[in-house]
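Coordinates in review
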Amino acid sequence: MHMAPVRNARSVFNEVPIGLPDPGRTVKYDDSQTIDLDDVDLGGGFLVKVLYVSMDPYLRNRMREPSPKNLRPPFIIGDPLVNFGIGVVLRSENPEMKVDDHIYGFLPFQEYAILKETKAFRVISNEANIPWSAYVGVCSMPGQTAYYGWRALAEAKKGETLFVSAGPVGSFVIQLAKHEGLKVIASAGSDEKVQFIKSIGADVAFNYKKELTTEILDKEGPINIYWDHVGGETLDAALDAAAHFARFVECGMMSQNNATPENPPYIPKNLQLVIGKTLTIRGFVVTVFEDQYKEDFYAEIPSRVAKGELKYVEDVTVGLEGVGQALLNVQTGANRGKSVIRVSQSQ
Ligand SMILES: NC(=O)c1ccc[n+]([C@@H]2O[C@H](COP(=O)([O-])OP(=O)(O)OC[C@H]3O[C@@H](n4cnc5c(N)ncnc54)[C@H](OP(=O)(O)O)[C@@H]3O)[C@@H](O)[C@H]2O)c1
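Quantities reported herein were computed from a predicted structural model and do not represent experimental measurements. (Residues numbered from 1 in each chain as written. Predicted model: local features only at pLDDT ≥ 70, side-chain atom pairs only at ≥ 80, totals over all residues. Heavy atoms only, no water.)

1. Digging into empty space enclosed by the protein
Going through the model one piece at a time under the given rule, you end up with one cavity of 30 Å³ or more. Volume-wise, the largest cavity comes out at about 50 Å³. Of all the secondary-structure elements, those providing two or more residues to the lining of the largest cavity are strand S14 (242-250) and strand S15 (280-283). Its residues placed into classes, the lining of the largest cavity shows four nonpolar, one polar and three charged. (1 Å grid on protein atoms, 1.4 Å probe; cavity = no way out; pocket = protein on both sides within 12 Å on 5 of 7 lines; lining within 4 Å. Points joined across faces, edges and corners; volume = space filled by probe spheres on them. Helix = DSSP H or I, 4+ residues; strand = E, 2+ residues; numbered from the N terminus. Nonpolar A, V, L, I, M, F, W, Y, C, P; charged D, E, K, R; others polar.)

2. Quick notes on the site of the ligand
In the vicinity of the ligand there are 27 residues, among which Val169, Gly189, Tyr208, Phe284 and Val286 approach most closely. Between the ligand and the protein, one listed contact pairs an oxygen atom with a backbone N or O atom of Val169 at 2.9 Å. Between a nitrogen atom of the ligand and a main-chain N or O atom of Cys251, the distance comes to 3.0 Å. Taken by itself the ligand offers 910 Å² of open surface, and the protein chains cover 87% of this. Looking at the shell around the ligand, the elements with two or more residues in it are helix H1 (141-154), helix H2 (168-179) and strand S11 (183-188). Among the residues forming the shell around the ligand, the class breakdown is 15 nonpolar, ten polar and two charged. Residues lining the shell around the ligand come from more than one domain, with at least three contributed by each of domain 1 (6-137 + 312-342) and domain 2 (141-287). (Near = heavy atom within 4 Å. Polar contact = N/O pair within 3.5 Å; in protein donor to acceptor, adjacent residues only side chain to side chain. Areas by Shrake-Rupley, 256 points an atom, 1.4 Å probe, with all protein chains shown as cover. Domains from an automatic or database assignment.)

Structural data, given as structure tokens:
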């Protein structure tokens, strides 16, 4: 039986924000389009029903005017947002993609999409039998960031001390560090999040909104590894608390994401300590280590998640209508775990 065209709702980039994203303005929910799932021309490609897309802090960095200094191009006003997601193939004219394959890769924030480039996607077999949403969180880019960066840059030794601010990436880092016998100092922005990071093994867990990072590090440091997600004053505190030969893994600088001319970026004051303490500071982007560690990651991590050896918390937004709020929440910390958007039910 031929089905009538169905809604193909999207979450469209509407306006470059100044400072924090504005849920009602930065993106718009648009349900004006429809799609004929049976008859739409695939042009040799494949039709995908989008199940989950990931909401990550870095999307804010793509909401800007074009600039050659940035690696990733900005989002285009009027187009749907795009990020890592999981979808299921409904129809295919490409022999490499089969109906019911679950694919992971860059997907639009849209209910259905016609895709062409098979190389850009990985078919996820999910032998571990974990929820599909895990494949946009702990078993995808945020988990990979922790896993790759840890293996490539941390040079961790048993008995050393790590400091990390722990959201989805940091929670994964904590668990890797505890597995290797380090002492972990970790912070988060709510008591509920602090409880979680304690439960996954952080030796010292504190709410950075209630306690001074400098005081905690003075007492519990010095630190041998600083895994940075925050930049600004937290980076300064870590420089001050660093041991000689400490490694600084520069993963993110959340505190600087939403700077404006009135609220300019914080300039670190302690950089000179890099010399006297013989520090190593290395930034990285997850994709640069993909070829080296991706297959190890997929061989190891989903099964460890299934066994309960790696813990994670999710904050699920149901439906594309909630994207604007989710976008703001990951900037302010109002999300209660890894933020994922459930675009459609599995089947
Ligand atoms: N380099 C890469 O390839 C790569 C890949 C993925 C992610 N990242 C970056 O890695 C970072 C972590 O990602 P995520 O998804 O885990 O995000 P997240 O949940 O926002 O984690 C950031 C952590 O920093 C804390 N934080 C934010 N602002 C702070 C401030 N002003 N002072 C002290 N702590 C603050 C957060 O606390 P609360 O939210 O609890 O308040 C949270 O614990 C982000 O900066 C992201 O852009 C980089």
